[in-house]
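Coordinate inspection notes
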2 protein chains.
Amino acid sequence: MKTSIATVSIGGSLREKLVAISRAGFDGYEIFENDLISSPMSPEDIRSLSDDLGLTIDLYQPFRDFEGVSESQLARNLKRAAAKFDVMKRLGVDTILACSNVGTAIDPSDQLAIDQLGKLSEMAEFFDVKIAYEALAWGKFVSTYDHSWSIVQAVNHASLGLCLDSFHILSRGSSLDKIAEIPGDKIFFVQLADAPLMSLDVLTWSRHYRLFPGEGAWDLPAFVLAAISAGYSGPLSLEIFNDTYRQGAPTLTARDGHRSLKTLEDETIGISSSHSQTSFKNLDPLPLLQVPRGFSFVELQPGEGDQLVKVLSALGFELAGAHRRKAVELWTQGDARIVINNDLTGTQAELVGVGVEVADIDTLTERARSLKARLKPRDIESGEEELVAVEAPNNIDFYFGELTGVNPKWSSEFASLNSKSSQETALTHIDHIALRQPWQRIDESVLFFRSIFGLEIDDGQDIASEFGLVRSRSLVNKDRTIRLALNVTPTGADGRQTFSDHIALSTVDILKTAKLLRSNGLHVLRVPQNYYEDLTSKFEIDKDRLKEMQDFDVLFDSNEDGNFFHFYTQPIGSLFFEIIQRVDGYDGYGASNAFVRLSSQRAIDVKGLVK
Amino acid sequence: MKTSIATVSIGGSLREKLVAISRAGFDGYEIFENDLISSPMSPEDIRSLSDDLGLTIDLYQPFRDFEGVSESQLARNLKRAAAKFDVMKRLGVDTILACSNVGTAIDPSDQLAIDQLGKLSEMAEFFDVKIAYEALAWGKFVSTYDHSWSIVQAVNHASLGLCLDSFHILSRGSSLDKIAEIPGDKIFFVQLADAPLMSLDVLTWSRHYRLFPGEGAWDLPAFVLAAISAGYSGPLSLEIFNDTYRQGAPTLTARDGHRSLKTLEDETIGISSSHSQTSFKNLDPLPLLQVPRGFSFVELQPGEGDQLVKVLSALGFELAGAHRRKAVELWTQGDARIVINNDLTGTQAELVGVGVEVADIDTLTERARSLKARLKPRDIESGEEELVAVEAPNNIDFYFGELTGVNPKWSSEFASLNSKSSQETALTHIDHIALRQPWQRIDESVLFFRSIFGLEIDDGQDIASEFGLVRSRSLVNKDRTIRLALNVTPTGADGRQTFSDHIALSTVDILKTAKLLRSNGLHVLRVPQNYYEDLTSKFEIDKDRLKEMQDFDVLFDSNEDGNFFHFYTQPIGSLFFEIIQRVDGYDGYGASNAFVRLSSQRAIDVKGLVK
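Residues numbered from 1 in each chain as written. Chains lettered and ligands numbered in written order. Predicted model: local features only at pLDDT ≥ 70, side-chain atom pairs only at ≥ 80, totals over all residues. Heavy atoms only, no water.

Under an unreviewed UniProt entry, the name given to chain A is 3-dehydroshikimate dehydratase, and the organism recorded is Alpinimonas psychrophila. Chain A has a UniProt comment under Cofactor (unreviewed entry) that states "a divalent metal cation". Quoted verbatim from the Function (unreviewed entry) field of UniProt, the annotation for chain A is "Catalyzes the conversion of 3-dehydroshikimate to protocatechuate (3,4-dihydroxybenzoate), a common intermediate of quinate and shikimate degradation pathways." (UniProt positions renumbered as here; feature names shortened; annotations may be inferred.)

With respect to the overall build of chain A
Within chain A one finds 18 helices and 25 strands. If one aligns the C-alpha atoms of chain A with their principal axes, the spans along those axes are about 90 × 60 × 50 Å. Counting across all 611 residues of chain A, residues that qualify as buried make up 59%. Contacts in chain A between residues far apart in sequence, at least 24 positions, make up 74% of those at least 6 positions apart. Carbon and sulfur atoms make up 49% of the accessible area of chain A, which totals about 23300 Å². Side chains of chain A carry 61 positive and 87 negative charges; the gap between the two charge centres is 3 Å. (Helix = DSSP H or I, 4+ residues; strand = E, 2+ residues; numbered from the N terminus. Buried < 20%, exposed > 50% of the residue type's maximum accessible area, 1.4 Å probe, protein only. Contact = heavy atoms within 4.5 Å. Areas by Shrake-Rupley, 256 points an atom, 1.4 Å probe, with all protein chains shown as cover. Lys, Arg positive; Asp, Glu negative; His and termini not counted. Charge placed at Lys NZ, Arg CZ, Asp CG, Glu CD.)

Quick word on the environment of A:Leu517
Residue and element names in this part refer to chain A. Relative to the elements of secondary structure, Leu 517 occurs in helix H15 (residues 510–519). Here the alpha-carbon distance between Leu 517 and Leu 289, two residues 228 residues apart in the chain, equals 40 Å. The residues contacting Leu 517, other than those within four sequence positions of it, are Ala 314, Leu 315, Gly 316, Ala 426, Leu 522, Phe 567 and Ile 579.

Some points on the relation of the copies chain A and chain B
Each copy of the sequence occupies a distinct position, and chain A is placed on chain B by a rotation of 180° and an axial shift of 0.0 Å, giving an RMSD of 0.0 Å. One copy is carried onto the other by what is essentially a two-fold rotation axis. Within chain A, the C-alpha atom positioned nearest to the axis of rotation is that of A:Leu200, 2.1 Å from it. A high fraction, 100%, of the interface residues of chain A reappear at the interface in chain B, so the copies pair face to face through one surface. (Least-squares fit on C-alpha atoms with pLDDT ≥ 70 in both.)

Examining the side chain of A:Asp194
Residue and element names in this part refer to chain A. Its location among the elements puts Asp 194 in the loop between strand S7 (187–192) and helix H8 (202–208). Put simply, Asp 194 is tucked away with no salt bridge, and the nearest opposite charge, on Arg 450, sits 5.8 Å away. Aside from chain neighbours lying at most four places away, what touches Asp 194 is Arg 210, Leu 211, Phe 212, Pro 213, Gly 214, Glu 215, Gly 216, Ala 217, Trp 218 and Leu 220. (Salt bridge = Lys/Arg side-chain N within 4 Å of Asp/Glu carboxyl O.)

Quick notes on the pattern of salt bridges
A full pass over the atoms with the stated rule returns 72 salt bridges over all chains. Note that A:Asp146 is salt-bridged to A:Lys178, the shortest N-O span being 3.4 Å. With A:Asp146 in helix H6 (residues 145–155) and A:Lys178 in the loop between helix H7 (166–170) and S7, this pair connects stretches of sequence that are 32 residues apart. B:Arg450 is paired through a salt bridge with B:Glu267; the nearest N and O atoms lie 3.4 Å apart. Remark: B:Glu267 occurs in helix H11 (residues 250–272) and B:Arg450 occurs in helix H14 (residues 442–453); sequence separation between them is 183 residues. A relative accessible area of 28% places B:Glu267 in the partly exposed class. Linked by salt bridges that have partners in common, A:Arg255, A:Asp256, A:Arg259, A:Arg441 and A:Glu444 make up one network.

Some words on the sheet that holds strand S3 (residues 56–63) of chain A
One key point about sheets: their strands pair by backbone hydrogen bonds, in either a parallel or an antiparallel sense. All names here are of chain A. If you trace the eight strands once around the closed barrel, you get S1-S2-S3-S4-S5-S6-S7-S8, paired in parallel fashion. Along the sheet, successive strands turn relative to each other by an average axial angle of 30°, direction set aside. Taken strand by strand, helix H4 (residues 71–91) contacts strand S2 (28–32), S3, strand S4 (95–99) and strand S5 (130–134), and its axis lies near 165° from that of S3. Across the sheet, H6 lies against S5 and strand S6 (160–165), angled at about 170° from S6, the strand it touches most. (Pairing = 2+ DSSP bridges. Axes fitted to C-alpha atoms, helices over the stretch in contact; angles between N-to-C directions.)

A word on the sheet that holds strand S18 (residues 430–437) of chain B
All names here are of chain B. Read across the open sheet, the eight strands follow the order S19-S20-S21-S18-S22-S25-S24-S23; overall the sheet is mixed. In this open sheet, the two edge strands, each paired with only one partner strand, are strand S19 (456–465) and strand S23 (555–559). Going from strand to strand, the sheet's axes swing by 20° on average, the running direction of each strand aside. As defined by bridge partners, S18 adjoins strand S21 (residues 483–488) across five bridges and the pair is classed as parallel. Looking at the pairing, Ile 433 lines up with Leu 484 of S21.

A closer look at the UniProt feature "binding site: Mg(2+)" (unreviewed entry) in chain A
All names here are of chain A. The UniProt record annotates "binding site: Mg(2+)" (unreviewed entry) at His 432, His 502 and Glu 578. These annotated residues cover 147 residues of sequence, and their C-alpha atoms all fall within 9.3 Å of one another, placing them together at a single site. Tracing the backbone through its elements, the reader meets His 502 in strand S22 (residues 501–506). Its relative accessible area of 5% is what places His 502 among the buried residues. His 502 has contacts with His 432, Ile 433, Ala 434, Phe 576, Glu 578 and Arg 597, leaving out every residue within four places of it along the chain. Within the element layout of this structure, Glu 578 appears in strand S25 (residues 575–584).

Considering the layout of surface pockets
If you roll a probe as big as a water molecule over the atoms, it shows you where there is empty space left. One number sums up the size of the second largest pocket: a volume of about 1800 Å³. If you trace the second largest pocket, you find 49 residues lining it, with A:Lys538, A:Ser592, A:Phe595, B:Asn34 and B:Arg64 closest to the centre. Mapped by element, the contributors of at least two residues to the lining of the second largest pocket are strand S19 (456–465), helix H16 (529–538), strand S23 (555–559) and helix H18 (594–607) of chain A together with helix H2 (33–37), strand S3 (56–63), helix H4 (71–91) and helix H8 (202–208) of chain B. (1 Å grid on protein atoms, 1.4 Å probe; cavity = no way out; pocket = protein on both sides within 12 Å on 5 of 7 lines; lining within 4 Å. Points joined across faces, edges and corners; volume = space filled by probe spheres on them.)

Considerations on the pairing of strand S15 (residues 388–392) of chain A
All names here are of chain A. Of all five residues making up S15, five are buried, and the element is well covered by its neighbours. What you see with S15 is no split at all: Val 388, Val 390 and Ala 392 on one side and Ala 389 and Glu 391 on the other are buried throughout. Across three bridges, strand S14 (residues 375–377) lies against S15 in antiparallel orientation. Among the inter-strand pairings, Pro 377 is bridged to a residue of S15, identified as Val 388. When S15 meets strand S16 (residues 396–402), the two strands line up antiparallel, connected through five bridges. Each bridged residue has a counterpart across the sheet, and for Glu 391 the counterpart in S16 is Asp 397. As consecutive antiparallel partners, S15 and S16 are separated by three residues, and within that stretch Asn 394 has a phi angle of approximately 75°, a positive value.

Brief notes about the nonpolar core
Among the nonpolar cores identified, the biggest contains 189 residues, and A:Ile46, A:Phe85, B:Ile46 and B:Phe85 are the most heavily contacted of them. Among all residues touching A:Ile46, those that are not within four sequence positions of it are A:Leu14, A:Leu18, A:Tyr29, A:Ile31, A:Leu36, A:Met41, A:Ile57 and A:Leu91. Listed in part, the 79 residues of the second largest apolar core include B:Ile433, B:Leu475, B:Leu511 and B:Ile579. (Core = buried A, V, L, I, M, F, W, Y, C linked by side-chain atoms within 4.5 Å.)

Some thoughts on the confidence of the model for chain A
Residues and elements named next belong to chain A. Residues with a pLDDT of 70 or more make up 94% of chain A, whose mean pLDDT is 90. By mean pLDDT, the top-scoring element of chain A is S5 (98), and the lowest-scoring one is strand S17 (residues 414–416) (73). Ignoring residues within four places in sequence, the model shows residues 607–611, a span with pLDDT below 50, making eight contacts including any to other chains. Interface scoring of the predicted complex returns ipTM 0.85; its pTM is 0.89. (pLDDT = per-residue confidence, 0-100.)

Examining a negative patch on the surface
Residues A:Asp94, A:Glu122, A:Glu125 and A:Asp128 make up a contiguous surface patch of negative charge. Inspection of the secondary structure puts A:Asp94 in the loop between H4 and S4. (Patch = residues over 30% accessible without salt bridge, like charges linked within 9 Å, V, L, I, M, F, W, Y side chains within 5 Å.)

A few points about the interface of chain A and chain B
Every contact between the two is made by 54 residues of chain A and, on the other side, 54 residues of chain B. For the pair chain A and chain B, the two sides together bury roughly 4100 Å², of which 50% comes from carbon and sulfur. The three residues of chain A that bury the most area against chain B are A:Ile37, A:Gln247 and A:Asn530, which together make up 15% of that side's buried surface. Across the chain A-chain B interface, the total number found is eight salt bridges. (Buried area = accessible area lost by both parts, 1.4 Å probe.)

Here we look at the domain arrangement of chain A
All names here are of chain A. When its domains are assigned, chain A resolves into domain 1 (3–282) and domain 2 (294–607). Here the C-alpha centre of domain 2 lies 43 Å away from the C-alpha centre of domain 1. Taken together, the contacts link 21 residues of domain 1 with 17 residues of domain 2. In total, about 1400 Å² of surface goes out of reach between domain 1 and domain 2, with carbon and sulfur atoms giving 52% of it. Viewed at the interface, domain 2 and domain 1 are joined by three salt bridges. Between Asp 266 and Arg 367 there is a salt bridge; the shortest N-O distance is 3.3 Å. Contributing elements (two or more residues each) for the side of domain 1 that touches domain 2: helix H1 (14–24), helix H10 (243–247) and helix H11 (250–272). With ten residues, H11 is the single largest residue contributor to the side of domain 1 that touches domain 2. (Domains from an automatic or database assignment.)

Quick word on the packing of aromatic side chains
Within this structure, the stated rule accounts for 40 aromatic pairs over all chains. For the pair A:Phe32 and A:Phe241, a centre-to-centre distance of 6.3 Å together with 75° between the ring planes defines the contact as edge-to-face. Here A:Phe32 is found in strand S2, whereas its partner A:Phe241 is found in the loop between strand S8 (236–238) and H10, with 209 residues between them in sequence. Take A:Phe32: its relative accessible area is 12%, and that puts it in the buried class. Looking at A:Phe241, the relative accessible area reads 7%, which means it is buried. One aromatic cluster is present, built from ring pairs that chain together A:Phe398, A:Phe400, A:Phe448, A:Phe449 and A:Phe453. Stacked on the ring of A:Phe188, the Lys or Arg A:Lys130 has its end atom at 4.7 Å from the ring centre. Taking the ring centre of B:Tyr589 as reference, the NZ or CZ of B:Arg582 above it sits at 5.7 Å. (Phe/Tyr/Trp six-rings, centres within 6.5 Å; stacked < 30°, edge-to-face > 60°. Lys NZ or Arg CZ within 6 Å of the ring centre and 35° of its normal.)

Here's what the structure looks like:
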């Protein structure tokens, strides 16, 4: 379907917005009145620029507080409408959004609104423009879409139809069922917004916290399906009031908006497959989703010195091979693979890439390209495996390769130095990877991992720590072989960003592993005595076991699904490792212990690295 | 009264928090369990550090979900309580906060809770500790203070009393009247928090948005008065869950907390003067409030070149005199005085100080000192006026001098160069000063101006601009001769802080003044044509007048109080001037035009200064 976005959704001047909207691939846009008023471009200039950029202007918005008012107010409102209709002709836009009255309406019955919207419709016909009437969730008398529809029916004028905005409908928890009863040609416009679930007044929620589809909590494919089933064939348009987007770079915000709409169309096709209506022909499918089946490897920048190699050795990793032509080493243990890229010469150890295994590289590449992800094909030579990467938000490369049996194809590029393990394998595989995120980019990241890789939002946690509030969101595949924890990191009082990424590795016997790794010389993050005293007041833990946990700084969590044990290494550069054991069906990340971990890490950060 | 603060209210490690709390002047603190658990200090170490810092531990908190549970759960809860009572003995704290059950309670009648709190009280008596039972606003069965009081009455045990938290009581809109019926010795603890008015679920509101008393919207003096009238004589303690404070510097947050409590005590005395109860003897008064009567001057750093002087000349200011011994010039026009401090050699023009007139310098100095404001006494010589300054948040010095007749005393220090004006006076006085604020410091600023100067919060506006959302709050004195607009400024996508402070100067005839100043060579901020076209659709404005407004880039606002005209200079350094005319009772700042002004300023910022 045609894609569109309201200029209010992104930051910058009107000119910057239009350039960004065009580059992102939108077909058109809604012009927000304040963007017009504050622009030095005349309406004719804006029309001409839009033509040059290949954009149509799909909607002029908003026109407020028109209907159901006193006679004297009506005269002023009609005068205002005439002025706006005139501007619309100069812009070349044929539809105006009229919001239900939130302030000046005086008649709780609908009759006055019906009469006055009738007058407005006649004037609109004269100017050859259309009115899309929208029920705002906080409208004084009209606040639901079925109410606005009954008014539009009563007016019964060709120039008057409806605007359906997912925010106003879903924020009130309205049923979508009645949308199908509206003739498609009376739905003049569809606006889309997602949102986090909040128990906040709808006005504040609407004006500050809207999100692009797929970043929030609502079932928007069901909403789009309802509109299309009714016969709507106009643009799908984003109207997103979000304080963070307003501050962001226009080009990135516009790209995300377009990505969210293309994903939404694709998801709508997914749920509409049981329907056989021809109207779905307007929906564009994306190349088929290739959900990653597991982690293949992580790629690290080693940083100066040999600390990383020492830590990997102490963790029980062994050098499995060196790449035939690059300064790259492969370290393995069980199914966990760590690639050290010695071509990267940054001063500190850092997570730079994550490899995942998918069924079909080419299809995923096409999907990523359709969604305007930044592709980074690998420089390969004959005989080497194709391994494509996309750049995820916050500059981590996500490689995807095809799985073939036990070892990934690309591992054959490494000359085998040490094919059989000389010691017992303590760690079995990568359980999850935690990526730090600046607060400006968390929504973008969620959309990226959902739309490109089909990961699902699993869980969210807010952790009050010594650093400030850490907001965490988890993304997973269905069988939990991919788990990403995205941690929104506050800036400290000194403005420094002190958070780390981390890699969590699984074991089947945490205490045995803890002993082994310590005997290997691993330095772990110390856990305060007070933590264990508190633990005994909460859980029944065998005294000897507790003593051992304390000796080896092992943390514990438990819920109705099972138990969770974990400990951490000291930080290395902007990175640390976590060793975990899941018992029974425990599905979380030990979030209730996060404040202890953060506090101990902060103590190191303040005092310098404890050796 | 004794002052106290919960460790959860500020950021940093427990040791950092305690040092900050002690330095700020608190008598004691509430220890938040997570701060204990994550600390490497043992309970004995913490007790000893508290002794060294002169702090008592007034409360251990929180103990959750104890009462009204199943038998098996009760056994676990009692075990947990015993462990906590033991820790309390080691810490040397005699009272624990027990929150009403939010999860595990099974009995909607009170009987089970009464029985089980009775058992807990007996155990507490054995350990010689006290239980302060608090109704959380989102408690499962117990969520109001009168309900918690009826349960405490029914248990009727010396070890069980109440904790009254202003958040839980005021967020539910409960009447304070029943507090007086509670015997003072059964109020074991009082926790204080302010909050902005929000329609948000109480749990989220409570956990993220609490504020120090005086920073929010609640009448906390009335709350304290109610507790004291009941006979409460324990600590006034701050329990503030606030995400911004958590990220802030512990010392600044603790200082603000202490300042808020001292101001609250003083305000409580103010409203209690009609009462004659002896229990108020515990309240400490502050030196009497000296609300400023008007702006005396602004002090500017000139920046490189002569642009500032050129702009001041074009605005109609004249050099009134040079300081006898400093490189300081006084420029005047009507009652507006601008001091250019040539001793400041920063590269760009900047607002560095504001002078206000008060009745009694010495009393205000004492008040500022009591509230731990940073005083900056002026380096004076014999015969020069004493002029004390306090440093306001964001590094602006606020000078206060005594008013004597028409000219301030200090102006006699300037050798008169030009005593009579050679031209008509266009501008009459300083109407308001707008100070930019980083988002981390707005609450601190509001508290500063309220507590030191007695200014009142007048108005708040959120302005969606091309830069992002600008949150604005206005502080005024009663007769509006002091108006400060505090603007919370977003950071741009490029991380740059592009906002300016500004000084608004009054005229009685905006168009005449605009013509005069333009003939003086003043460059004003251009306003787009589209703005005036929109204006005609909203207001009835005479065509010739509109044409003149447009020619001179004058903006317009109107409401039921009156009309408002204003225009802006081009920015000079981090500063610009606004010229305004208020007609009739218009009391605002033209906020509805702010997006236009911000857009035009951003265009200059992007393109470079338009000459």
